[in-house]
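# Geometric and topological summary
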Amino acid sequence: MDASTASPNSASLIENEFQFLADFIPQLVWITDPAGSHLYFNQRWIDYTGYTLVDSVGPDMWNNLLHPDDRARARQIWGHSLATGDDYEIEYRFKAKDGGYRWFLGQAKPRYDADGTIVTWFGTCTDIQDQKVARETLAEREAEFTTLADNVAQLSWMARPDGNIYWYNKRWYDFTGSSPEEMAGWGWEKVHHPEHTNEVVGFVRDAWTKGEPWELTFPLKRQDSEYRWFLTRAVPIRDEQGQLVRWLGTNTDVTKMRELQEQLQNSYADLEAKVTFRNLELEHEVQKLRKQVGSVA
Amino acid sequence: MSDLLLDVNLQQVPDDYLAGAWRVAHRVLNRADPASTLAQATSLVLGGQALELEAPTQKETGSWAVLRDELLNRPYISLNLPAEDLRALVTRLRRTTDGARAQLNLYFSSGLEMQLDRP
């Protein structure tokens, strides 16, 4: 319906409908003049903050409602929008009537007249408390995971189902002296021993397609160019539908263990040789005695 | 040239790798007679066939030879001294790639074990 042709009754009806709409939507709604002075609050604003339009005159409302840590930033961004006409957008904390703070996404757009002059600002505040808390919890968990992953004794990595590695822990970069750019995708081949690369690549390509846990021992080049032996273990991570979503892998330095194993094998071989040698000596003695006995007889 | 001592495969070790003037670097006596010249030896010179055994207060000469037995996967040495004949199993030989330095481990039938260094 064209508002210019609407009857007084229908204009009143539309105004009522807009009023209902403004109070019905879940946001806090406000309107200001071009200088930023409030002209309208919806009921939800009044219910949440306890401030009416009359209470909003002067700086007290802003000082009382905004979280102290957000005041300067809010003033700066709102001041910029008022001065330039740029859209207003900010995340800040507003105090409720009961004294508690909640996070809101504040947004406002200017309305212009035919001359291009700002007539009013229409703004909303959307409650984002739950999302904000969820985001902070997620960031906290991610920070905890990163701390754990970077401090475990192993080199760790995560790969997509096709084996394209997209994440390494800090220990990997510290050990190899490489950068994330160098290691992206199949970049890990750069730190493999040339004599083992083909075997390893062949093995893992096969393993990616099977989707079963696997392990393999091979040398990796340290940043000082020395090779160390690592036991690599990888497990497939699946979603609720059993679909492979990523691989989680670790590389454990087993160089010392291999050296000890080799020493142990050498010791056994030495012992076996010593026993054989001693038996041989006894055999020589026996033969010598037989000769002596034979010559006496 | 690398100064690293590398293990020599004892199944294929040439006899002349065992020759030379060896210094006794370390010994484990076990049940061997601690007063014997061998137990107190400070150096062992394995020449062509000649053997010189030197201890702080005595010196003995004799002959030596490298022996092999199909039961053993490594050589052993026969040391013939005026008072006795000894046999020692080569348990390890390590040397630099140029042969300038070497380390020889011997196990005698008396139980005596010696580590010889060259030079």
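## Side note on the overall build of chain B
The helix and strand tally for chain B stands at 1 helix and 9 strands. When contacts within chain B are restricted to residue pairs at least 6 apart in sequence, those whose partners lie at least 24 apart make up 43%.

## Details of the interface of chain A and chain B
In this complex, chain A contributes 8 residues to the contact, which on the side of chain B involves 11 residues. Here the residues of the side of chain A that touches chain B are counted per class, giving 3 nonpolar, 1 polar and 4 charged.

## A closer look at unusual backbone geometry
The linkage connecting Arg118 of chain B with the following residue, Pro119 of chain B, adopts the cis geometry, with an omega of 0°. With respect to the helices and strands, the residue Pro119 of chain B is situated in the segment after strand 9 (113–118). Even without being a glycine, Ser225 of chain A presents a positive backbone phi close to 75°. Turning to its location among the elements, Ser225 of chain A is positioned in the loop between strand 8 (214–221) and strand 9 (227–238).

## Description of the nonpolar core
Of all hydrophobic cores here, the largest spans 29 residues; its most connected members are Ile77, Ala88, Leu89, Val90 and Leu106 of chain B. Elements represented by at least two residues in this core include exactly helix 9 (255–296) of chain A together with strand 2 (20–28), strand 3 (43–46), strand 4 (50–54), strand 6 (76–80), strand 7 (85–95), strand 8 (102–108) and strand 9 of chain B. Top contributing element to this core by residue count: strand 7 of chain B, with 5 residues. With residues up to four places along the chain from it excluded, the contact list for Val90 of chain B reads Leu10, Leu18, Arg74, Pro75, Tyr76, Ile77, Leu104 and Leu106 of chain B.

## A look at helix 5 (residues 129–151) of chain A
For helix 5 of chain A, spanning 23 residues, the distance from its first C-alpha to its last is 33 Å, which sits close to the expected 33 Å at 1.5 Å a residue. Among the 23 residues that make up helix 5 of chain A, 0 are buried, leaving the element largely open to the surroundings.

Rules used in this analysis
- Residues numbered from 1 in each chain as written.
- Chains lettered and ligands numbered in written order.
- Predicted model: local features only at pLDDT ≥ 70, side-chain atom pairs only at ≥ 80, totals over all residues.
- Helix = DSSP H or I, 4+ residues; strand = E, 2+ residues; numbered from the N terminus.
- Contact = placed C-beta atoms within 7 Å.
- Nonpolar A, V, L, I, M, F, W, Y, C, P; charged D, E, K, R; others polar.
- Core = buried A, V, L, I, M, F, W, Y, C linked by C-beta atoms within 7 Å.
- Buried ≥ 20, exposed ≤ 12 C-beta atoms within 10 Å, placed from the backbone.
- Expected span 1.5 Å × (residues − 1).

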